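Tertiary structure, described
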Amino acid sequence: MGVMWILMKLAWKTLARVMRRFGWGSLLVPLAAMSMALFGLHLWTIATVAFALSLAVWRPVVAAALVPLAMVVAGATGLVVASGVPGSPVSWIVSSSSQAVKPTPAPGFWTVDNGQTVMPLQMSVGPGGMVAANVPGQVVAVPPGTFAYLPPQGHGQPPRFRSLPINARKLAIDRQRVGPPRGFRKVVYTRRGPVMSPAGWWHGRLLVPLALILLTLGLWLAPRTMVSLVERSAELVQRLRNHMRENRWGVLLVPVALIGLTVFGVRPWTVGLVVAAVIVVIKWPRVAADLVPVALAIFALYGFDIAARWQAVSAAAFVGPGGPPFANLAQVMNPVQYGAVLVDSRQMALLAGAEASVFLALGAWLVPRTIGAHTRSMFVADPDPALAGQVARLTESRGHAIDAATSELRRIERDLHDGAQARLVALGMNLRAVERMLPASPHAAMALVSEARETSLRALNDLRNLVRGIYPPVLADRGLGHAVEALALDTSLPIELDINLPGRLTVPVESACYFAVAEALANAVKHSGAHRVHIRIQHSASPVLASPHGASFPGGTGHGPGMLRIEVADDGIGGADPARGTGLAGVERRLGTFDGILAVSSPPGGPTMIAMEVPCALSSPKTCSC
Amino acid sequence: MRVVVAEDLFLLRDGLTRLLAAHEFEIAAAVDTAPRLLAALLEQRPDVAVVDVRMPPGFADDGLQAALAARRQVPGLPVLLLSQYVEQLYAREMLADQAGAVGYLLKDRVFNDDQFVDAVRTVAGGGTVMDPEVVTKLLGRRSHDEPITRLSPRELEVLELMAEGRSNAAVAQRLFITEKAVGKHTTSIFTKLGLTPSEDDNRRVLAVLAYLNA
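Here the structure is a predicted model, which is why all the values come from computation and not from measurement.

1. Considering the overall build of chain B
- For chain B, the count of helices and strands is eleven helices and six strands.
- Here chain B, with 214 residues, has 45% of them falling under the buried criterion.
- Taking all contacts inside chain B whose residues are at least 6 apart in sequence as the whole, residues at least 24 apart take part in 64%.

And the structure:
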């Protein structure tokens with residue numbers, strides 16, 4: 001008793017420590033271990049436990065979230081297993097009911113485990129690889145496949161079956177019983193009839209209540225953890241999606257490896273290859289992409305081999321173990337799964353050959369996209385860093401441009417919706433009211449009419465302000481120089497203008513520059529406390545400054561489109577910083593779309609000088625139509 | 001009174017000619033492009049022209065340019081500009097020749113046909129009419145000016161109305177005061193702003209606008 005007490009205390013302390021260290025996620029391990037208890041020691045049960053262990057150690061939060069799900073799965077599995085265990089309360093019901101439906105085997109017939117009745121022979125190779133052996137009192141079932149029957153080696157020994165190899169040479173060897181049987185498959189014997197043997201303590205007594213408790217607990221807890229699990233998985237899914245997009249051909253390796261499972265059968269080495277494929281896809285996506293066409297080519301060659309071999313073999317050439325020749329090829333050749341096709345006849349073999357052609361064609365199509373592209377990139381020198389920088393800048397500025405355009409559209413939509421549209425609705429309602437009131441009370445109607453007129457004025461005003469924000473009329477009429485002049489007129493500060501712009505710029509550049517000047521001016525008026533502002537706008541045929549990014553502007557060596565330089569200087573308190581506040585940063589982004597740059601010199605105490613440079617061409621001065 | 005109407009949108013042109021015809025104006029010509037406007041102004045020599053700023057072929061300030069060109073050839077040719085927007089820059093260009101007989105109004109002002117027709121007649125009579133929005137902007141620009149801050153609220157109101165081109169009588173009617181009181185206010189304003197007083201309404205408006213525009 002004392003020893004038990006100490007042991008329990010020790011166990012509890014260990015458990016408490018583990019829980020403290022790894023949290024609820026550590027519960028995942030015993031739950032996974034249940035699979036071992038239920039199904040025995042298998043590769044997959046061990047893998048499950050190992051997976052649970054690694055999750056609990058490295059991803060404790062995920063493991064904790066998965067615990068309720070694992071409970072549900074373990075509970076449900078436990079119930080299913082219990083239903084199949086003879087003698088357990090659940091299985092008793094199942095087996096007695098199935099007993100009633102199944103036909104009793106007639107003398108001379110034997111029931112194979114899946115309920116089919118077959119004629120027993122000395123050795124029978126039935127369709128679908130079903131085998132029945134003429135051993136009294138025994139009904140046997142074997143997995144699908146074609147088997148050779150080996151007589152029992154001694155009295156009371158079970159008969160043995162072994163897989164028929166694919167070609168005649170091997171068959172001959174097998175018939176001579178030479179060497180250990182390769183690919184020997186386990187034969188499962190099942191006794192039929194009411195099973196009386198009592199189930200073990202674990203299966204019979206403990207399993208069902210434990211499974212029910214786990215199921216209940218799991219179902220109760222699952223909704224709580226599902227939320228966090230879904231949140232976590234959203235990020236994971238996004239990462240996965242990005243990965244897929246970047247390495248779309250490499251990702252193909254996993255499905256291709258799965259096809260390999262069907263082509264070469266589920267064996268340790270094929271399963272190992274699938275796992276390896278997953279690892280390669282994650283770690284070396286480029287290698288994975290290169291492996292896809294190679295793997296496809298191997299499958300294709302194998303498929304061609306199957307197609308050719310089945311055409312070359314004749315069933316009649318073989319004598320069955322009972323004496324007469326085999327009736328069809330399936331009795332001689334091992335039926336093979338090849339992709340979507342189960343090859344058990346010449347026709348199916350041809351179909352498999354066609355499938356192999358598809359694989360090969362797909363592989364060939366992928367070669368230039370994977371191996372070819374990678375080889376090319378190995379021989380082509382690294383891209384010009386300046387060019388790469390330019391591309392990166394362009395990509396970034398394009399993103400900014402799209403963002404800006406989108407938010408601008410949204411603003412316009414909102415302004416229209418809340419402004420002019422709403423006012424027009426009010427106008428319509430007012431006019432309708434007037435229609436009604438006019439006969440009865442013309443005076444009140446008159447008041448409404450003048451109200452409607454006011455509303456229409458306000459709608460016009462809204463629209464006017466909106467258009468001014470989109471593309472100011474003077475800018476549209478006369479271009480940047482005059483627009484800045486008009487801007488200066490509308491500003492309360494005295495502004496000196498020094499504008500030398502003998503022509504028009506392109507509309508987008510003009511607009512970006514206008515709003516840049518407007519922003520700089522607004523800053524000067526609002527924040528700087530300046531007394532006067534000086535604006536200088538000049539266009540020179542050749543660029544004045546190189547870009548701060550190191551690369552010169554395209555064609556910016558004097559023969560280029562030229563450079564627009566804008567300076568907004570004030571005598572205020574300074575301290576303007578594009579990094580703070582979105583105004584100047586937005587201007588910088590907008591100018592960046594045109595490869596333009598913005599420089600701010602604004603020491604505390606002033607003065608502030610904002611300089612902008614945009615490489616752009618100047619069109620010939622617009623000639624007046626009159 | 002003969003009037004030339006220049007407006008490229010048919011609906012508005014039609015509306016304007018109807019409105020003016022209903023107030024006993026004679027429509028000398030209704031044109032839809034800037035070159036036609038210039039031709040009409042020079043051939044017809046109307047008593048007044050009502051001109052949209054934005055017109056074909058450039059769809060920029062073509063109407064304004066045509067009007068300015070016509071006034072260069074025929075000094076003092078009365079022109080009332082209409083626009084969806086009012087820009088100080090354009091107002092300044094219109095007023096630059098100091099000849100008067102110019103107006104610059106938002107198209108919205110057409111809604112009040114009495115006031116609009118009054119404005120057309122004022123311009124035809126050599127007066128100056130500025131949209132309240134222009135005047136507000138002018139005053140806003142000058143809001144930090146020392147002399148303007150010395151004006152009383154009432155004087156500011158009078159200044160605003162005067163800048164819009166209203167006569168003493170119209171200002172008095174608008175503010176519900178006597179013409180004599182308006183006269184007193186104007187004298188005070190002119191003194192405070194340091195302008196030479198003038199008995200002529202139009203001279204006075206131009207002086208005020210010139211002051212605000214400077």
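2. Brief notes about the overall build of chain A
- Each helix and strand counted, chain A has 20 helices and 15 strands in total.
- Looking at chain A residue by residue over its 626 residues, the buried ones come to 27%.
- In chain A, once contacts between residues fewer than 6 apart in sequence are set aside, the share between residues at least 24 apart is 64%.

3. Description of the nonpolar core
- If you look at the biggest cluster of nonpolar residues, it comprises 64 residues, and the most contacted ones within it are Ala49, Val51, Leu80, Leu81, Tyr104 and Ala163 of chain B.
- If you tally residues by element for this core, the top one is helix H11 (residues 201-213) of chain B, at six residues.
- Here Ala163 of chain B is in contact with Met130, Val135, Leu138, Val205, Val208, Leu209 and Leu212 of chain B, once residues within four sequence places are set aside.
- In terms of nonpolar packing, the next biggest core, distinct from the first, is built from 38 residues, Val509, Cys513, Ala520 and Ile537 of chain A among them.

4. A short note on helix H8 (residues 153-163) of chain B
Residues and elements named next belong to chain B.
- All buried positions along H8 are accounted for by Val158, Leu159, Leu161, Met162 and Ala163.
- Check the buried side of H8 and you find it contacts strand S6 (128-130), helix H6 (132-141), helix H9 (168-175), helix H10 (179-193) and H11.
- Just downstream of H8 lies Gly165, where phi reads positive at about 105°.

5. Brief notes about the interface of chain A and chain B
- Of the residues lining the interface, 18 residues belong to chain A; the matching set on chain B comes to 23 residues.
- Elements with a minimum of two residues in the side of chain A that touches chain B: helix H16 (442-470), helix H17 (473-478) and helix H18 (480-489) of chain A.
- For the side of chain A that touches chain B, a count of residues per class yields nine nonpolar, three polar and six charged.

6. Some words on the sheet that holds strand S14 (residues 597-601) of chain A
Residue and element names in this part refer to chain A.
- Reading across from one edge, S11-S12-S13-S15-S14 is the order of the five strands in this open sheet, with mixed pairing throughout. Taken across any chain shown, the strands that pair with only one partner, and hence form the sheet edges, are strand S11 (495-500) and S14. Ignoring strand direction, the axes of neighbouring strands in this sheet form an average angle of 10°.
- Bridge analysis of strand S13 (residues 563-570) against strand S15 (residues 608-615) gives eight bridges, and the strand direction is antiparallel. Directly across from Val568, in S15, lies its bridge partner Ile610.
- Contacts from helix H19 (residues 507-528) reach strand S12 (533-540), S13 and S15, with the element oriented near 10° to S13.

7. Quick look at the environment of Ile402 of chain A
All names here are of chain A.
- Of note, Ile402 is situated in helix H15 (residues 385-440).
- According to the C-beta neighbour criterion, Ile402 is exposed, with 11 such atoms within 10 Å.
- Residues Ile402 and Thr593 lie 191 residues apart in sequence; the distance between their C-alpha atoms is 9.9 Å.

8. A closer look at the packing of helix H2 (residues 34-44) of chain B against helix H3 (residues 62-73) of chain B
All names here are of chain B.
- The geometry of H2 relative to H3 is characterised by a closest axis approach of 9 Å and an angle of 25° between their N-to-C directions. As judged from the angle between their axes, H2 and H3 are roughly parallel. Judged by the twist between their axes, the crossing of H2 over H3 is right-handed. Where H2 approaches H3, its residues Ala34, Leu37, Leu38, Leu41 and Leu42 are matched on the opposing element by Asp62, Gly63, Gln65, Ala66, Ala69, Ala70 and Gln73.
- Looking at the contact of H2 with H3 residue by residue, the classes come out as eight nonpolar, three polar and one charged.

9. Some thoughts on the sheet that holds strand S3 (residues 48-52) of chain B
Residue and element names in this part refer to chain B.
- An order of S2-S1-S3-S4-S5-S6 is seen for the six strands of this open sheet, with the pairing classed as parallel. Here the strands that pair on one side only, and so sit at the sheet edges, are strand S2 (26-31) and S6. Between one strand and the next, the sheet's axes are offset by a mean angle of 15°, whatever the strand orientation.
- Each of strand S4 (79-83), strand S5 (102-106) and S6 is contacted by helix H4 (residues 88-95), which is oriented at about 165° to S5, the strand it contacts most.

10. As for the pairing of S13 of chain A
Residue and element names in this part refer to chain A.
- Along S13, six of the eight residues are buried, which leaves the element largely enclosed by surrounding structure.
- Across eight bridges, S12 lies against S13 in antiparallel orientation. Directly across from Gln538, in S13, lies its bridge partner Arg565.

11. Some points on the packing of H18 of chain A against H19 of chain A
Residue and element names in this part refer to chain A.
- Running from N to C, H18 and H19 point in directions that differ by 25°, and their axes come no closer than 10 Å. Classified by the interaxial angle, the pair formed by H18 and H19 is roughly parallel. The two elements H18 and H19 meet at a crossing, and its hand is right-handed. Within the contact between the two elements, H18 uses Leu480, Ala483, Val484 and Leu487 and H19 uses Glu510, Cys513, Tyr514, Val517, Ala518 and Leu521.

12. Considerations on the pairing of S4 of chain B
Residue and element names in this part refer to chain B.
- Taken across its five residues, S4 has five buried, putting it largely inside the fold.
- Judged by which residues are buried, S4 turns out to be covered on both faces: Val79, Leu81 and Ser83 on one side and Leu80 and Leu82 on the other are all buried.
- In this sheet, S4 lies alongside S3 in parallel orientation, the contact comprising four bridges. Note that in S4 the partner of Val51 across the bridge is Leu81.

13. A word on the confidence of the model for chain B
- With 98% of its residues at a pLDDT of 70 or more, chain B shows a mean pLDDT of 87.
- Model confidence for the complex: the whole-complex pTM is 0.50, and ipTM, which rates the interface, is 0.78.

14. Description of unusual backbone geometry
Residue and element names in this part refer to chain B.
- Here Pro56 and Pro57 are connected by a cis peptide whose omega angle stands at 5°.
- Inspection of the secondary structure puts Pro57 in the loop between S3 and H3.
- Of note, Arg45 is a non-glycine position whose phi angle comes to about 45°, a positive value.
- Exposure remark for Arg45: the 13 C-beta atoms within 10 Å place this residue in the partly exposed category.
- One non-glycine residue, Phe59, lies in positive phi territory at about 50°.

15. Some details on the confidence of the model for chain A
Residue and element names in this part refer to chain A.
- Looking at chain A, the pLDDT average stands at 72 and 72% of residues meet or exceed 70.
- Per-residue pLDDT stays below 50 along residues 161-198; that stretch engages in 61 contacts with residues further than four places along the chain or on separate chains.
- Here residues 622-626 scores under 50 on pLDDT; set against residues more than four positions off or in separate chains, the count is 14 contacts.

16. Some words on H4 of chain B
- Of the positions making up H4 of chain B, those classed as buried are Gln88, Tyr90, Ala91, Met94 and Leu95 of chain B. Each buried residue of H4 of chain B sits inside an arc of 160° when the element is viewed along its axis, so together they form one side.

17. Topic: the environment of Gln88 of chain B
- One can find Gln88 of chain B in helix H4.
- For Gln88 of chain B and Asn213 of chain B, which are 125 residues apart along the polypeptide, the C-alpha to C-alpha distance reads 8.5 Å.
- Leave out the neighbours within four places in its chain, and Gln88 of chain B touches Ala486, Leu489 and Asp490 of chain A together with Val134, Lys137 and Leu138 of chain B.

Parameters at a glance
- All residue numbers here refer to positions counted from 1 along the written sequence of the relevant chain.
- Here every chain gets a letter starting at A, and every ligand a number starting at 1, in the order they are written.
- Local features in a predicted model are, by the rule used here, given only for residues with pLDDT of at least 70; side-chain atom pairs are given and counted only at 80 or more, and totals for whole chains, interfaces and linings are based on all residues.
- Only DSSP runs of H or I reaching four residues or more are called helices, and only runs of E reaching two or more are called strands; each is numbered from the N terminus.
- Partly exposed residues are those falling between the two cut-offs: more than 12 but fewer than 20 other C-beta atoms within 10 Å of their own, whereas 20 or more means buried and 12 or fewer means exposed, with C-beta atoms placed from the backbone.
- Placing a C-beta atom from the backbone of each residue, one calls two residues in contact when those atoms lie within 7 Å.
- Any set of buried Ala, Val, Leu, Ile, Met, Phe, Trp, Tyr and Cys residues joined through C-beta atoms within 7 Å is what this text calls a nonpolar core.
- Amino acid classes used here: Ala, Val, Leu, Ile, Met, Phe, Trp, Tyr, Cys and Pro are nonpolar; Asp, Glu, Lys and Arg are charged; the rest, including Gly, are polar.
- One requirement defines pairing of two strands: DSSP has to find at least two bridges between them.
- Simply put, an axis is a line fit to the C-alpha atoms, just over the touching stretch for a helix, and the angle between two N-to-C directions goes from 0 to 180 degrees.
- Here roughly perpendicular refers to angles of 65 to 115 degrees, roughly parallel to angles under 35, roughly antiparallel to angles over 145, and oblique to all remaining angles.
- Crossings are classed by handedness, with left-handed meaning an anticlockwise turn of the near helix from the far one by less than a right angle and right-handed meaning a clockwise turn.
- pLDDT is defined as a per-residue confidence score from the predictor, taking values between 0 and 100.
- Of all possible arcs, the one meant is that of the directions from the helix axis to the C-beta atoms.

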